[in-house]
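Observations on chain architecture
For reference, the chains in residue letters:
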Amino acid sequence: MAAERADAVFDALADPMRRQLLAAIAQRPSTATELAATLPITRQAVAKHLSSLSEAGLLARQRAGRDVRYTVTPAPLSSAVSWMAEVGGQWDRRLTRLADALGEPAPTSTSRSQA
Amino acid sequence: MTDVVQRDLELERSAEEAWRLLTDPAWLSTWLADEVELHCVPGGAARFRLGKEEHEGWVEEASPPSEDSGGQGRLIFWWGREGEPASRVELELTPLPGGRTLLHVAETRPLELLDLIGLPVPGQRSPGYGPALVAA
């Protein structure tokens, strides 16, 4: 069970946009509408990402009037998760800087935990 | 379980040319960190400034692309904030057809387990990092 859960968590965090959403929600609990207003993707795309983060147990849902507000769950995997989210985001920025400096296409990414 | 973060970037240049991007402090300061000092020999000292943070570390391996390695180049160093377990960064260059090169990045925290069971962690200069490894 724990290993399956870890896979779900790492899959959820493999996507740079989901890491960005998680970081935004960690800073301030938000609704999908609020998040879509600050990001270059649609509310529908935000909702899809939030749903996979929720399924991985990384987000909790709270009713907020007609909307749902998301908060970050203090997960048992939080140490690994926060390290991977932080380090993954740093490498995304570094390789984007390198690609920009060289005029290359954007980097590709994977994050996972290995046995 | 070892935490690992991996990234790939294809470069429109040969592995020999790309090696400079990984080892020349002037190039490294444009993308890896704000300031980089790196002595590219095994055991060589390394220092990185990332914003207001200082990371210190050392070089584990610095193998320029060569015929012996099938054209692959590899730079491995350790870095970390003071008081936290160091992590290991592996930057690997693999030649691709057409004179292009794949840069593969892997950052791992292989020593967290040592820390967890109370053994001294290389690269860690002060104690106080509590158990953090996860039961998964």
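Since this is a predicted model, take the numbers as computed values, not measurements. (Residues numbered from 1 in each chain as written. Chains lettered and ligands numbered in written order. Predicted model: local features only at pLDDT ≥ 70, side-chain atom pairs only at ≥ 80, totals over all residues. Heavy atoms only, no water.)

1. Overview of the sheet that holds strand β1 (residues 30-31) of chain A
All names here are of chain A. Sheet architecture is open: 3 strands sit in the order β1-β3-β2, paired in antiparallel fashion. Since the sheet does not close on itself, it has two edges, and those belong to β1 and β2 (59-64), each with one partner. Bridge count between β2 and strand β3 (residues 67-72): 6 bridges; the pairing is antiparallel. Looking at the pairing, Arg61 lines up with Tyr70 of β3. The strands touched by helix α4 (residues 43-55) within the sheet are β2 and β3, with β2 carrying the most contacts at an inclination of about 125 degrees. (Pairing = 2+ DSSP bridges. Helix = DSSP H or I, 4+ residues; strand = E, 2+ residues; numbered from the N terminus. Contact = heavy atoms within 4.5 Å. Axes fitted to C-alpha atoms, helices over the stretch in contact; angles between N-to-C directions.)

2. Let's talk about the packing of aromatic side chains
As enumerated under the stated definition, the model contains 5 aromatic pairs over all chains in all. The interplanar angle of 35 degrees and the centroid separation of 6.2 Å between the aromatic rings of Trp91 of chain A and Trp79 of chain B together place this pair among those described as tilted. Within this pair, whereas Trp91 of chain A is found in helix α5 (residues 78-102), its partner Trp79 of chain B is found in strand β5 (residues 73-80), the two belonging to separate chains. Side by side, Trp91 of chain A and Trp79 of chain B carry an identical accessibility label, which is buried. Following the ring pairs from residue to residue traces out a cluster consisting of Trp91 of chain A together with Phe48, Phe77 and Trp79 of chain B. Between the NZ or CZ atom of Arg94 of chain A and the centre of the ring of Trp91 of chain A, over which it lies, the distance is 4.5 Å. (Phe/Tyr/Trp six-rings, centres within 6.5 Å; stacked < 30°, edge-to-face > 60°. Buried < 20%, exposed > 50% of the residue type's maximum accessible area, 1.4 Å probe, protein only. Lys NZ or Arg CZ within 6 Å of the ring centre and 35° of its normal.)

3. Brief notes about the packing of helix α2 (residues 16-27) of chain A against α4 of chain A
Residues and elements named next belong to chain A. Where α2 meets α4, the axes come as close as 10 Å, and the angle between the chain directions of the two elements is 80 degrees. In terms of orientation, α2 lies roughly perpendicular with respect to α4. Residues Met17, Arg18, Leu21, Leu22 and Ile25 of α2 pack against Val46, His49, Leu50, Ser52 and Leu53 of α4. Split into classes, the residues belonging to the contact of α2 with α4 amount to 7 nonpolar, 2 polar and 1 charged. (Parallel < 35°, antiparallel > 145°, perpendicular 65-115°, else oblique. Nonpolar A, V, L, I, M, F, W, Y, C, P; charged D, E, K, R; others polar.)

4. Description of the pattern of salt bridges
Taken as a whole and judged by the stated rule, the model has 18 salt bridges over all chains. Notably, a salt bridge pairs Arg69 of chain A with Glu34 of chain A, separated by 2.9 Å at the nearest N-O pair. In this pair, Arg69 of chain A is assigned in strand β3 and Glu34 of chain A in helix α3 (residues 32-38), connecting sequence segments 35 residues apart. Glu54 of chain B serves as the salt-bridge partner of Arg47 of chain B, at 2.6 Å between the closest nitrogen and oxygen. Classification of Arg47 of chain B as partly exposed rests on a relative accessible area of 23%. Note on Glu54 of chain B: relative accessible area 39%, which makes it partly exposed. A cluster of three or more residues bridged by salt bridges with shared partners is formed by Glu60, Glu61, Arg74, Arg88, Glu90 and Glu92 of chain B. (Salt bridge = Lys/Arg side-chain N within 4 Å of Asp/Glu carboxyl O.)

5. Quick word on the confidence of the model for chain B
All names here are of chain B. Per-residue pLDDT for chain B averages 81, and the proportion of residues at 70 or more is 79%. In the model, residues 113-136 has pLDDT below 50 throughout and makes 45 contacts with residues more than four positions away in sequence or in other chains. Among the prediction metrics, the complex's ipTM stands at 0.78, with pTM recorded as 0.61. (pLDDT = per-residue confidence, 0-100.)

6. With respect to the environment of Gly57 of chain B
All names here are of chain B. Mapped onto the elements, Gly57 comes out in strand β4 (residues 53-63). Put simply, Gly57 and Trp78 are 21 residues apart on the chain and 5.1 Å apart in space, counted from C-alpha to C-alpha. Those residues in contact with Gly57, other than ones at most four positions away along the chain, are Gly44, Ala45, Ala46, Trp78 and Trp79.

7. Remarks on the pairing of strand β7 (residues 100-108) of chain B
Residue and element names in this part refer to chain B. Bridge count between strand β6 (residues 87-96) and β7: 9 bridges; the pairing is antiparallel. Its bridge partner lying in β7, Leu91 is registered against Val105. Hairpin geometry of β6 and β7 is characterised by an intervening segment of 3 residues between the two adjacent antiparallel strands and by a positive phi of about 80 degrees at Gly98.

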